[in-house]
Amino acid sequence: MLDGVSLDQLRTFIAAVDEGSFSAASRKLLRSQSVISEAVGNLEDQVGVALFDRSGRYPKLTPAGVALLADARSIVAGVDLLKARAKGMAAGLEPELSVVVDVFYPIDAITQVAKEFRLQYPGVGLRIYVEALGAAIQPVLDGRCSIGVIGSLPVIPGNLTNERLSSVAYLMMAAKDHPLASYKGTIPREILGKHTQIVLTDRSELSAGREMGVMSPTTWRLADLFAKHHFLLNGLGWGGMPLHIVQKDLREGKLAILSIEDVPPEGLMMTMSAVWQTKSPPGPAGRWFIERLKGIRVENAKAPPANRNKQAKRVGRKT
């Protein structure tokens, strides 16, 4: 008998509960009250339990009705989602959007866009990967992701199209008790070379043979920015971090910004971009995602001065 349960019966059952009576449900569904009563009665016959207690003035859910109401809502919502997804696919809407995000890009911005995306495209699945350097580009190149948000590897392959997003501030720093944190003035490279630099390494081969931002012959290489952050906090070396990740540490004095030769005092601005394969442009959901990212301004709050209370030489911006 359960195979005979229809969506119409389930919708009528839900309407009767939500409206508080069969008569109110009939007005909402533009049907006669007798049709509503018959649909609910047939549903009860098919599921084999009473859904309503009709002994009072208004029908009241039985314990079985309360339990089955949740299932009815889930079934109806699932069918509605299926219909919306099928309609979107017929119109060219992606069934799922896969995005790889550079770990340097603020996760708060991605979270905000994801919240709005869920409301804008409820029938489209969302898959997010977080990577760094070339590993944030590789999934787009091999087709695993339709969109990439990149920046830590400053080279974009020629078969990708890109659009600019907000830049991210990137500064060199060390723990407050690290020897470099107390150095007076701008730190020359020969001094940096005496201390271990914590470097983010690439999980892909796209940066093979390139040493980007490496200033010390002694390096520890980590493939995770979270681990690098903790190594810096614990004084295991010095290195660069996005400002938005370490603002709290800087305010609390756990990390100190280093004034380094040939690096602007305000740090470097890392250009972030949205990329996709030129031959496979994003669909409507992907296009919306990119446009929303372009509308977000990353807050690069002013960092405290490097080597505070020290006499430091001014360093010009790189060109």
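Above this text you will find the structure in question.
Residues numbered from 1 in each chain as written. Predicted model: local features only at pLDDT ≥ 70, side-chain atom pairs only at ≥ 80, totals over all residues. Heavy atoms only, no water.

Colleague: Mind showing me how you'd approach empty space enclosed by the protein here?
Modeller: Over the atoms rolls a probe the size of a water molecule, and its path tells where empty space is left. Using the criterion set out here, one finds 1 cavity of 30 Å³ or more in the structure. Reported here for the largest cavity is a volume of approximately 40 Å³. Among the residues making up the lining of the largest cavity, the classes are represented as 8 nonpolar, 2 polar and no charged. (1 Å grid on protein atoms, 1.4 Å probe; cavity = no way out; pocket = protein on both sides within 12 Å on 5 of 7 lines; lining within 4 Å. Points joined across faces, edges and corners; volume = space filled by probe spheres on them. Nonpolar A, V, L, I, M, F, W, Y, C, P; charged D, E, K, R; others polar.)

Colleague: I'm lost on the nonpolar core in this one. Help?
Modeller: Side chains of nonpolar character tend, in soluble globular proteins, to be buried together. Tyr-105, Phe-117, Trp-238, Ile-260, Phe-289 and Leu-293 are the most contacted members of the largest nonpolar core, which has 55 residues in total. Per element, the largest residue contribution to this core is 7 residues, and it comes from strand E7 (residues 168-175). The contacts of Leu-293, once residues within four sequence positions are left out, are Tyr-105, Ile-110, Val-113, Val-149 and Leu-165. Counting residues in each nonpolar core, the second largest holds 15 residues, with Ile-14, Ile-36, Val-40 and Val-76 among its members. (Core = buried A, V, L, I, M, F, W, Y, C linked by side-chain atoms within 4.5 Å. Buried < 20%, exposed > 50% of the residue type's maximum accessible area, 1.4 Å probe, protein only. Helix = DSSP H or I, 4+ residues; strand = E, 2+ residues; numbered from the N terminus. Contact = heavy atoms within 4.5 Å.)

Colleague: Looking at this structure, I do not really get the packing of aromatic side chains. What am I missing?
Modeller: This model, assessed by the stated rule, comprises 8 aromatic pairs. Ring geometry for Phe-22 versus Phe-52: centroids 5.4 Å apart, planes at 90°, classification edge-to-face. You can see Phe-22 sitting in helix H2 (residues 22-29) and its partner Phe-52 sitting in strand E1 (residues 52-53), a full 30 residues away along the chain. For Phe-52, a relative accessible area of 5% puts it in the buried group. The interplanar angle of 40° and the centroid separation of 5.6 Å between the aromatic rings of Phe-117 and Tyr-121 together place this pair among those described as tilted. Residue classification places Phe-117 among the buried positions, given a relative accessible area of 1%. By relative accessible area, Tyr-121 is classed as buried at 16%. (Phe/Tyr/Trp six-rings, centres within 6.5 Å; stacked < 30°, edge-to-face > 60°.)

Colleague: So what exactly am I meant to see when it comes to the sheet that holds strand E13 (residues 273-277) here?
Modeller: Sheet strands pair via backbone hydrogen bonds, and the direction of the pair is either parallel or antiparallel. Strand order in this open sheet of 5 strands is E4-E3-E5-E13-E6, and the pairing throughout is mixed. Where the open sheet ends on each side, the last strands, each with one partner, are strand E4 (125-131) and strand E6 (160-164). Within this sheet the neighbouring strands show an average axis-to-axis angle of 20°, counted without direction. Where strand E5 (residues 147-150) and E13 come together, 3 bridges link them in antiparallel fashion. Note on E13: the bridge partner recorded for Ile-150 is Ser-273. Helix-sheet contacts for helix H10 (residues 284-294) involve strand E3 (96-102), E4, E5, E6 and E13, and the interaxial angle to E6 is about 35°. (Pairing = 2+ DSSP bridges. Axes fitted to C-alpha atoms, helices over the stretch in contact; angles between N-to-C directions.)

Colleague: What am I meant to see in the environment of Asp-224 here?
Modeller: Within the fold, Asp-224 resides in the loop between strand E9 (219-222) and helix H8 (225-233). A distance of 3.1 Å separates the side chain of Asp-224 from the backbone nitrogen of Phe-226, its partner in a polar contact. At a separation of 2.8 Å, a polar atom in the side chain of Asp-224 contacts the main-chain amide nitrogen of Ala-227. (Polar contact = N/O pair within 3.5 Å; in protein donor to acceptor, adjacent residues only side chain to side chain.)

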